[in-house]
Amino acid sequence: MSTTLTDRKKTSVLTFRQKKQRGEPISVMTAYDYPTGRLVDQAGLDAVLVGDSLGMVVLGYPNTLPVTMEAMIHHCRAVARGVKTALLIGDMPFLSYQISIPEAVRNAGRFLQEAGMDAVKLEGGRERAETIRAIVQTGIPVMGHIGLTPQSVHQFGGFKPQGRLADTALKLLEDAQILEEAGCFSIVLESIPARLAKFVSERIHIPTIGIGAGVGCDGQVLVLHDLLGMFEEFKPKFVKQYVNLHEVILQALTSYREEVESRSFPGPEHCVDMSDEEWQKFLEQVKE
Ligand code: KIV
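Reading guide: rules and limits
- Residues numbered from 1 in each chain as written.
- Predicted model: local features only at pLDDT ≥ 70, side-chain atom pairs only at ≥ 80, totals over all residues.
- Heavy atoms only, no water.
- Near = heavy atom within 4 Å.
- Polar contact = N/O pair within 3.5 Å; in protein donor to acceptor, adjacent residues only side chain to side chain.
- 1 Å grid on protein atoms, 1.4 Å probe; cavity = no way out; pocket = protein on both sides within 12 Å on 5 of 7 lines; lining within 4 Å.
- Sits in = over half its atoms within 2 Å of the grid points.
- Nonpolar A, V, L, I, M, F, W, Y, C, P; charged D, E, K, R; others polar.
- Helix = DSSP H or I, 4+ residues; strand = E, 2+ residues; numbered from the N terminus.
- Buried < 20%, exposed > 50% of the residue type's maximum accessible area, 1.4 Å probe, protein only.
- Axes fitted to C-alpha atoms, helices over the stretch in contact; angles between N-to-C directions.
- Parallel < 35°, antiparallel > 145°, perpendicular 65-115°, else oblique.
- Left-handed = near helix turned anticlockwise from the far one by under 90°.
- Contact = heavy atoms within 4.5 Å.

Our focus in this paragraph is the site of the ligand. Close to the ligand lie T30, L49, G51, D52, S53, D91, K121, H145, V188, I211 and V223. Interatomic distance of 2.5 Å between a side-chain N/O atom of S53 and an oxygen atom of the ligand. Interatomic distance of 3.0 Å between a side-chain N/O atom of K121 and an oxygen atom of the ligand. Under a 2 Å grid-point criterion requiring more than half of the atoms, the pocket assigned to the ligand is the largest pocket. A class-by-class count of the residues in the shell around the ligand yields four nonpolar, four polar and three charged.

With that out of the way, let us pick up unusual backbone geometry. Omega for the peptide link from F265 to P266 comes to 0°, which places this bond in the cis form. Considering the arrangement of structural elements, one finds P266 in the loop between α11 (245-261) and α12 (276-287). Located in the positive-phi region is L95, a residue other than glycine, with phi close to 75°. Within the secondary structure, L95 is located in the loop between β3 (87-91) and α5 (101-113). Of note, the phi angle at R263 is positive, near 60°, even though the residue is not glycine. You can see R263 is positioned in the loop between α11 and α12. When its relative accessible area of 75% is taken as the criterion, R263 is described as exposed.

A few words on the packing of α5 against helix α6 (residues 129-137). Relative to each other, α5 and α6 sit at 45°, their axes nearing to 9 Å. Classified by the angle between their axes, α5 and α6 sit oblique to one another. Crossing of α5 against α6: the hand is right-handed. Seen from α5, the contacting residues are I101, A104, V105 and A108; seen from α6, they are E130, T131, A134 and I135.

Orientation of helix α4 (residues 69-82) relative to α5, taken along the N-to-C sense of each, is 20°, at an axis distance of 10 Å. Looking at the two axes, α4 sits roughly parallel to α5. Like other packed secondary-structure pairs, α4 and α5 cross with a definite hand, here right-handed. Mapping the contact onto sequence places M69, E70, M72, I73 and C76 in α4 and N107, R110 and F111 in α5. Each residue belonging to the contact of α4 with α5 can be placed in one class, and the counts come to five nonpolar, one polar and two charged.

Have a look at this one:
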């Protein structure tokens, strides 16, 4: 019997592993607040990532570096209130896990204890292995993230694809194996050659979630505002825009402004009225 969207069970990290074993693709989408969390959940996606990409697409920063723990906790809480079944993954922001292992464990714990998340994601390869091990040992599922890791944008000299040379490709494969060994339940592969992503996916036992990494990954993730066409400032090659909400919303707002200016909004159907009798009584009271 097939599962309908109404009788779905809560997704867990075990679901991720089972889906990989069965060869079923995993769908992940970012969300940043209550309505977008609800929408992604209602559409039946496996997981919601509250990405630090919110710094760019929601808060208007040029990159993800200014995003703080407090901002992440605030947005994660809102998303969690809207999600019933999707796995909730909170993205650890810059400097929340790099300074010391105890600080990383404490901050990872806050995503579960205060923000209602089921798991955390953090960026980096072998240099994060010890930190990941400590967080996982605390009982917190960790998603890794390698390839184009946006928190290292200045080190990369821009948002550039990674792993295009044989030695950097080999380093990425090794990093994926190290992250699996450190205990990650899944790994995001961002902006790396499609054939490398497929090769990596076939050599590790945990699911890879690709963004700009081709169809050979075990699942896919996109930034919601890119898919909806709400972020026109920066459009990576790998983004597929499914709708142009920027245009739709701009059109709606322009119509609203025009109708306010021409007094055609609000119409009688948008107004509250009172009975003639009450109105007369009111006028008499005013006269007194
Ligand atoms: O911050 C984010 O949204 C991400 C995804 C693009 C993987 O890290």
